[in-house]
Amino acid sequence: SVITDVMSGDLHRLVAIPREGDAPARVLLALTAPPWSVDAAADGTIYVDQCARTAEVLSFAASGGPPNTIARTTGDLSNSMNPLQLPDGRILLSSISSGRDSLIVARPGNDPNPFIETDEETAGPVVQVGTEAVAFFIGTPPAAEIAIATTDGRMLRRMGGVGGGRIQSLAASPDGATLFYADSGSIWSIPAAGGTPQRFHAGDGVAIDPGSGDLIVQLNEMGATRLLRVSPSGGNEREIALGGGFKAAPQPIAGRVVGPDGR
């Protein structure tokens, strides 16, 4: 048999599937947390671990010092968590509950609550659009759409046709007029008011310099990950040198990784 994990709401079931395919699958046991590793001994004994990936959002001074916990997830850590601090200090982040992605909002010292009242899945990456709205993803992949809502959770509009099942990087222009996202090796642009996506550049991640409006484009190439500074018009492209022997990780960058001073 092949032994695999099957999600069922908040539970994870270890299931044995006969290799010949002529018998039904058999449930071995139910787990309360996702397993990362499963093995079977010669005598049929099953060895399995469980991992709880709840997350904390920490803040600390750029100069160093002890961190402060400002928010916690109530479910498992989402792969697209990328927490966003809203203008009023609340933290917006993604978590997984009952096997579904959900955007939650938390104020330091308080329990988190759903950001949008909906039966659909909501997920990051999430980015601020202008001063009073945020963009995120709504729906079940691969048919998820970009959604824009006010910072207090009122839905404004939805945009389909953006490949929402694979996007892990989302950014907005400083004026909030244009969204940029990375999908399948390309950076795409779409008006925040709605429209048709247009291919902007090759890339696997994207961020915006809030001062200049330049795009920071991440390219995950064979043997190296490069960062480029690209004008929003598509010209004046130059590579960003990291220095100090550091290398960029291939994890997609978040839309607001550039500080107000350009770092």
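These remarks concern the structure in this document. (Residues numbered from 1 in each chain as written. Predicted model: local features only at pLDDT ≥ 70, side-chain atom pairs only at ≥ 80, totals over all residues. Heavy atoms only, no water.)

Brief notes about the overall build of the protein chain
- For the protein chain, the count of helices and strands is zero helices and 24 strands.
- In the protein chain, the proportion of contacts linking residues at least 24 apart, taken out of those at least 6 apart, comes to 30%.
- Entry remark: accessible area of the protein chain is about 14,300 Å², with carbon and sulfur atoms responsible for 49%.
- Charged side chains of the protein chain number 19 positive and 28 negative; the gap between the two group centres comes to 4 Å. (Helix = DSSP H or I, 4+ residues; strand = E, 2+ residues; numbered from the N terminus. Contact = heavy atoms within 4.5 Å. Areas by Shrake-Rupley, 256 points an atom, 1.4 Å probe, with all protein chains shown as cover. Lys, Arg positive; Asp, Glu negative; His and termini not counted. Charge placed at Lys NZ, Arg CZ, Asp CG, Glu CD.)

Re unusual backbone geometry
- Cis geometry is found at the peptide bond from Gly 124 to Pro 125, where omega equals 5°.
- Take Pro 125: it is sitting in strand S13 (residues 122-129).

Structural notes on the pairing of strand S15 (residues 145-150)
- Counting buried positions over the six residues of S15 gives five, a clear majority of the element.
- Two elements, strand S14 (residues 133-138) and S15, share six bridges in a ladder whose sense is antiparallel. Bridged to Ala 133 within S15 is Thr 150.
- Connecting S14 to the next strand, S15, in antiparallel fashion are six residues, including Gly 139 with a positive phi near 105°.
- Hairpin geometry of S15 and strand S16 (residues 155-159) is characterised by an intervening segment of four residues between the two adjacent antiparallel strands and by a positive phi of about 95° at Gly 153. (Buried < 20%, exposed > 50% of the residue type's maximum accessible area, 1.4 Å probe, protein only. Pairing = 2+ DSSP bridges.)

As for the sheet that holds strand S1 (residues 2-8)
- Read from one edge of the open sheet, three strands run S1-S2-S3, paired in antiparallel fashion. Each edge of the sheet is formed by a strand with only one pairing partner; in this case those strands are S1 and strand S3 (26-31). For this sheet the average axis-to-axis angle between neighbouring strands, irrespective of direction, equals 25°. (Axes fitted to C-alpha atoms, helices over the stretch in contact; angles between N-to-C directions.)

Some points on the sheet that holds strand S17 (residues 170-172)
- Across the sheet, four strands lie side by side as S17-S18-S19-S20; this open sheet has antiparallel pairing. Strands with a single pairing partner mark the edges of an open sheet, and in this sheet they are S17 and strand S20 (198-202). For this sheet, the mean inter-axis angle between neighbouring strands, taken without regard to orientation, is 25°.
- Pairing geometry for strand S19 (residues 186-191) and S20, over four bridges, is antiparallel. By the bridge assignment, Ser 186 is partnered in S20 with Ala 202.

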